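Secondary and tertiary structure notes
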Amino acid sequence: MCGIFAHLNFGELKERNSVDVCMEGLRQLEYRGYDSAGIAGIKDGQICSIKSVGKVSTLDEAVKPQQLQFRLAIAHTRWATHGRACEANAHPQFDQDHRLALVHNGIIENYAKIKQTLVKKGVTFSSETDTETIAQLFAHHYKENLLKAAVNTFSELDGAFSVALIHKDHPDQIVVSSRDAPLVIGINDQTNEIFVSSDTNAFTGQSLRVLFLKKDEIALLSPDGIELYNKKGKALDITFEELCVEECQTATGEFDHYMLKEIYDQPLVLKEIIHSQSDETNHSALFEQLVLTPKQIKNVDQILIVACGSSLHAGYLAANMIETAARIPTRAEIASEFRYSDPIITKNTLVIAISQSGETADTLAACELAIDRGAHLVAICNVKHSTLVRMAPSTILLNAGPEISVCSTKAFTSQVCVLQLLTLYLARIRTFGASEGREFLRKCEAIPHLAQEVLKRAGSIASLAEKYARFTKFFYLGRQQMYPTCLEAALKLKEITYLQASGLPAGEMKHGAIALIDESLATIALCGNHVTNDKLFSNLMEIKARGGPILAFAPDGSESLQQVADDVLYLPIGESDEQNIYIYSIATQLFAYYVAKNLGTNIDQPRNLAKSVTVE
Ligand code: G6P
């Protein structure tokens, strides 16, 4: 799972150095992986490349002193799937004679078989990657014609891929193709440049004519423009879309990390969501891009939510909210499981896909399955031009601004907020009268202020984090809406501290997990569900009786917790379970942040992770 970027100059104008353009493109795509990076072009009739292990900035340092000038180039940032993060496995990959260079995003499932066949024919491989197989196979099929070689090569591949390739015999051309892995080509008619990118993030600040490659299409890019072919090599007509990707502010400002900045963005982001999507007149919510009539909503017989990671946790919370308020049977499903399941989907099934990036491969595949079976798809997404948004008939954009830190914070709470408003919208059509709608909306409107109040407690949270950073194992315990909140809290801690953390429904402890309790495992109790707080208190007693240290996150005034907890972090009092989701999520985000800071980990780009996972 990786990011691809390529650049080519055409026309008469003064050319830009493709090296500089590609390096800038890679910086925008680095959220897709930062295990290694590389770039290749053609110089004096030979393939010329530079690769380095680690971030794009490391590649930048290697590239600068070389002062390379390319008229076209392909570039890559890698999240390792097949083979360690080392220079030999970094992209571009080559054929054995170094006649071509290729960058790839995806996984070739039958690479071992193809490799075996090529090895038998005497081909020498020099990496552990599946990608090298494509390069070697291409060279094997190449007989002076790039298109023919592309058709023959790609037809032999199983799996998902997008690729960009250059060949030394065709120094003016780039070959690109994609199957179930996005690739977009952009033309700037003013500057006479062609760009290729894994997504439109890398086109920020530009107005382009763009072409999103469809499944198995092959494009040849050259100074003459773009030629498009189907998988059999038949020429296709091209229809471009106009695209203008606005420039966004992405600096950390006064904060040490993007994660902290994004945590602090939350009150304002939530305020804007609630302000722009509330319908005060009807005591409901407004969704401009939701193309469902009230009649269709009345007929909905079930809602399935598909998502991964933090977005899945937002889905669990939403499923509870929708069932409780709108009384529609709702389930959140792990997208990677859902995509291989045999779900019952009727014509009245609504499928909601939640994804910050809109590029997560498992979520996209789950959506395809849902669409194939006739469901209406609603996409909840933070990226306007993403694959998910383009695929869904109904969309709700988060408008949370770019989330740069790998660990999701503001996108998660924005998803919950949008889904809470969607709950209101559905409930007003199905179950709620005007006064219930008004009351629900009033509680939503209090959320930004409560979020701000939590941030004021950052000092206490930082002190507790310093104390608890010595533990290596954590349980987060909660009940009702605090249970998915615990899952999210544990995920935050795991992602950026590399410590073992699990979120558990507190009542389930006694059925197994309690066996792990000892003085080395810290339990963090999220006491944000007033109905079950007494029960949670009993669960904590059981932990205390076994010598387990306890830190309780609890509402102001719950002094009785001091009898059981070693430490209590007091938080603003939420009136409802829904409000508590934000209060406890923001507090646990800050806790994870400060534990990570104490441990000195790479907070914004934790090891082994990527912001968007575009492979299975
Ligand atoms: C990756 C990220 C997570 C994110 C998940 C789903 O694993 O590291 O933070 O929650 O993908 O991403 P999406 O863009 O679909 O919300």
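Let me sum up the structure you'll find in this document. (Residues numbered from 1 in each chain as written. Predicted model: local features only at pLDDT ≥ 70, side-chain atom pairs only at ≥ 80, totals over all residues. Heavy atoms only, no water.)

Quick look at the packing of aromatic side chains
Describing an aromatic ring pair means giving the distance of the ring centres and the angle of the ring planes. Put simply, the rule reads: Any two of the Phe, Tyr and Trp rings considered here, Trp counted by its six-membered ring, make a pair once their centres fall within 6.5 Å; the pair's planes then place it as stacked at under 30 degrees, edge-to-face at over 60, or tilted in between. Whether a charge sits over a ring depends on NZ of Lys or CZ of Arg being within 6 Å of the ring centre and within 35 degrees of the ring normal.
Applying the stated rule across the entire model yields twelve aromatic pairs. Taken together through their ring pairs, the aromatic side chains of Tyr 468, Phe 471, Phe 474, Phe 553 and Phe 591 make up a single cluster. Above the ring of Phe 240, the side-chain terminus of Arg 209 is found at 4.6 Å from the ring centroid. The ring of Tyr 498 carries Arg 607 above its face, with NZ or CZ at 3.9 Å from the centroid.

Observations regarding the layout of surface pockets
Counted only if it meets this: The rule is simple: put a 1 Å grid over the protein atoms alone, call a set of points where a 1.4 Å probe fits but cannot get out a cavity, call an open set with protein on both sides within 12 Å along at least five of seven lines a pocket, and count a residue as lining if it has an atom within 4 Å of a point. Grid points are joined across faces, edges and corners, and a volume is the space filled by probe spheres set on the points. In DSSP terms, a helix is any run of H or I states spanning at least four residues, a strand is any run of E spanning at least two, and both are numbered starting from the N terminus. Three classes are used, and their members are as follows: Ala, Val, Leu, Ile, Met, Phe, Trp, Tyr, Cys and Pro are nonpolar, Asp, Glu, Lys and Arg are charged, and the others, Gly among them, are polar.
In this structure, the second largest pocket occupies an estimated 1000 Å³ of space. In terms of lining, the second largest pocket is formed by 41 residues, of which the most central are Arg 179, Asp 180, Ala 181, Glu 368 and Thr 387. Looking at the lining of the second largest pocket element by element, the count peaks at four residues for helix H10 (residues 361–372). Here the lining of the second largest pocket is composed, by residue class, of 18 nonpolar, nine polar and 14 charged.

Concerning the sheet that holds strand E1 (residues 2–9)
For clarity, the threshold we go by: A pair of strands counts as paired when DSSP detects no fewer than two bridges linking them. Working convention: axes come from line fits to C-alpha atoms, limited for helices to the stretch in contact. Angles between N-to-C directions cover 0 to 180 degrees. In this description, contact between two residues means that some pair of their heavy atoms is separated by no more than 4.5 Å.
Spatially, eight strands are ordered E3-E2-E4-E1-E10-E9-E11-E15 in an open sheet, and the strand pairing comes out antiparallel. Each having just a single partner strand, strand E3 (46–53) and strand E15 (241–244) make up the two edges of the open sheet. Strand after strand, the sheet turns through a mean of 20 degrees between neighbouring axes, direction not considered. Looking at chain direction, strand E9 (residues 184–188) and strand E10 (residues 193–197) are connected through five bridges and run antiparallel. When the bridges of E10 are listed, Ile 187 appears paired with Ile 194. Strands in contact with helix H1 (residues 18–29) are E1, strand E2 (36–43), strand E4 (72–78) and E10; relative to E1, the strand with the most contacts, it is inclined by about 155 degrees. Docked against the sheet, helix H2 (residues 56–63) engages E2, E3 and E4, running at close to 135 degrees with respect to E3.

Structural notes on the pattern of salt bridges
Defined as follows: A side-chain nitrogen of Lys or Arg and a carboxyl oxygen of Asp or Glu constitute a salt bridge if their distance falls within 4 Å. Three labels apply to residues, based on accessible area from a 1.4 Å probe with only protein chains included: buried if under 20% of the type maximum, exposed if over 50%, partly exposed otherwise in between.
Enumeration according to the criterion identifies 27 salt bridges in this entry. Residue Glu 128 is joined to Arg 84 by a salt bridge in which the shortest nitrogen-to-oxygen separation is 3.5 Å. You can see Glu 128 sitting in the loop between helix H3 (111–120) and helix H4 (131–141) and its partner Arg 84 sitting in the loop between E4 and strand E5 (93–94), a full 44 residues away along the chain. Here Glu 128 falls in the partly exposed class, since its relative accessible area comes to 35%. Between Arg 442 and Glu 439 there is a salt bridge, with the nearest N and O atoms lying 2.8 Å from each other. On the criterion of helical spacing, the pair formed by Arg 442 and Glu 439 is a turn pair, its members being three residues apart in helix H13 (residues 434–445).

As for the site of the ligand
Put simply, the rule is: For each residue, the test is whether any non-hydrogen atom lies within 4 Å of the molecule or strand; if one does, the residue is near. Polar contacts, as used here, are pairs of N or O atoms within 3.5 Å; protein pairs need one atom able to donate a hydrogen and one able to accept it. Residues neighboring in sequence count only if both atoms are side-chain atoms. In this description, accessible areas are obtained by the Shrake-Rupley approach with a 1.4 Å probe, and a residue is regarded as covered only by the protein chains that are shown.
Looking at the ligand, there are 13 residues lining it, with Ser 311, Ser 355, Gln 356, Ser 357 and Thr 360 nearest. For the ligand, an oxygen atom lies 2.9 Å from a polar atom in the backbone of Ser 310. Protein coverage of the free-state accessible area of the ligand, which is 390 Å², stands at 91%. No other element matches helix H8 (residues 309–326), which puts three residues into the shell around the ligand.

Looking at helix H6 (residues 258–277)
Where we set the bar: For a helix, the expected span equals 1.5 Å multiplied by the number of residues minus one. One fitted axis covers the seven residues ending at a residue, a second covers the seven starting there, and the bend at that residue is the angle between these axes.
The end-to-end C-alpha separation of H6 is 27 Å, in line with the 28 Å expected for 20 residues at 1.5 Å each. Approximately 45 degrees is the largest bend angle found in H6, and it occurs at Gln 266, with the proline Pro 267 only one to four residues beyond.

Thoughts on the packing of H8 against helix H16 (residues 482–497)
Threshold: Reported orientations rely on four angle classes, namely roughly parallel under 35 degrees, roughly antiparallel over 145, roughly perpendicular from 65 to 115, and oblique for the rest.
H16 packs onto H8 with a crossing angle of 170 degrees between their chain directions and a minimal axis gap of 9 Å. Between H8 and H16, the crossing angle belongs to the class labelled roughly antiparallel. Contacts between H8 and H16 involve Gly 309, Ser 310, His 313, Tyr 316, Leu 317 and Asn 320 from the first element and Pro 484, Thr 485, Leu 487, Glu 488, Leu 491 and Lys 492 from the second. Residues that form the contact of H8 with H16 fall into these classes: five nonpolar, five polar and two charged.

Here we look at H1
Taking 1.5 Å per residue, twelve residues should reach 16 Å; H1 reaches 16 Å between its end C-alpha atoms and fits that length. Burial in H1 covers these residues: Ser 18, Val 19, Val 21, Cys 22, Met 23, Gly 25, Leu 26 and Leu 29. Structurally, the start of H1 carries an N-cap: the backbone nitrogen of Val 19 is 3.0 Å from a side-chain oxygen of Asn 17.

Some points on unusual backbone geometry
Residues His 91 and Pro 92 are joined by a peptide bond in cis, for which omega reads 0 degrees. With respect to the helices and strands, the residue Pro 92 is situated in the loop between E4 and E5. Positive phi is not limited to glycine here, since Asp 44 has a value of about 50 degrees. Note that Asp 44 resides in the loop between E2 and E3. Judged by its relative accessible area of 73%, Asp 44 is exposed. Despite not being glycine, Arg 327 has its phi angle at roughly 55 degrees, a positive value. Along the chain, Arg 327 turns up in the loop between H8 and strand E19 (330–334). Residue Arg 327 is classed as exposed on the basis of its relative accessible area, which comes to 57%.

Quick word on empty space enclosed by the protein
In this approach a probe as big as a water molecule rolls over the atoms, and the regions it shows empty are the leftover space. Enumeration according to the criterion identifies three cavities of 30 Å³ or more in this entry. A volume near 60 Å³ is recorded for the largest cavity. Along the wall of the largest cavity there are twelve residues; nearest its centre are Arg 78, Thr 81, His 91, Asp 130 and Thr 131. Of the residues that constitute the lining of the largest cavity, the class distribution is three nonpolar, seven polar and two charged.

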